[in-house]
Amino acid sequence: MREVYLQRLVFFEEDAIGLARPDQALYERMTREEGAHLEAAAELARSRGIAFAASGGASEPGTSLKRHDEGSPWTLCRRPWTVMYFTANGRALPCCIAPFSQRGYENYTLGDATQQSLREIWNGAAYRSFRDALLSDKPAASCANCGLRWSL
């Protein structure tokens, strides 16, 4: 293994839909003990020569858990240029949080691996349009609060 990424943890206490909730997130709420665990994980990775980064490759893990109040924090997200996410049925999604949306799921689909090659999806109009919007002041609705309510 060469890389490890800190990812959101989603709990399934009441409803088995996996909605991310502020009371179950480290974002802007990390305790001293949790911070010590994060630093221990980072040190262990360093000692083994393993890259330890934040989900999406936006920043190092500790920084990704703090709010950034720039006017458009969603522009920090590198996912649409570096990784692809797929559901079990082949839908290409912009990121890991999209499957946890209850409504408008079809609006997050950027391709269908049962009908298109990965190259066609990655270079297709839907992905290009999504990337362009992410760099603008009018990102996709699914991205507008990312970096404001949740870590990148």
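For the structure, check the block above.
Because the structure is predicted, anything quoted here is derived from the model rather than measured.

S.K.: Is there a simple way to explain the overall build of the chain in this structure?
M.R.: Looking only at helices and strands, the chain has five helices and five strands in total. Among the 152 residues that make up the chain, the fraction classed as buried is 31%. The contacts of the chain with a sequence gap of at least 6 include a subset with a gap of at least 24, amounting to 59%. Here the chain displays about 9,600 Å² of accessible surface, and carbon together with sulfur accounts for 52% of that area.

S.K.: Even after reading the chapter, I still don't get the environment of Gly111, so can you show me in this structure?
M.R.: Inspection of the secondary structure assignment puts Gly111 in strand 5 (residues 111-112). Placed 21 residues apart in sequence, Gly111 and Gly90 show a C-alpha to C-alpha distance of 8.2 Å.

S.K.: How should I be thinking about the packing of aromatic side chains in this particular structure?
M.R.: Aromatic rings in a pair are described by how distant their centres are and how their planes are angled relative to each other. Taken as a whole, this structure holds one aromatic pair when the rule is applied. The interplanar angle of 45° and the centroid separation of 5.3 Å between the aromatic rings of Trp122 and Tyr127 together place this pair among those described as tilted. The class of Trp122 is partly exposed, set by a relative accessible area of 22%. Here the basic side chain of Arg131 rests over the ring of Trp122, its NZ or CZ set 4.4 Å away from the ring centre.

What counts and how
Residues numbered from 1 in each chain as written. Predicted model: local features only at pLDDT ≥ 70, side-chain atom pairs only at ≥ 80, totals over all residues. Heavy atoms only, no water. Helix = DSSP H or I, 4+ residues; strand = E, 2+ residues; numbered from the N terminus. Buried < 20%, exposed > 50% of the residue type's maximum accessible area, 1.4 Å probe, protein only. Contact = heavy atoms within 4.5 Å. Areas by Shrake-Rupley, 256 points an atom, 1.4 Å probe, with all protein chains shown as cover. Phe/Tyr/Trp six-rings, centres within 6.5 Å; stacked < 30°, edge-to-face > 60°. Lys NZ or Arg CZ within 6 Å of the ring centre and 35° of its normal.

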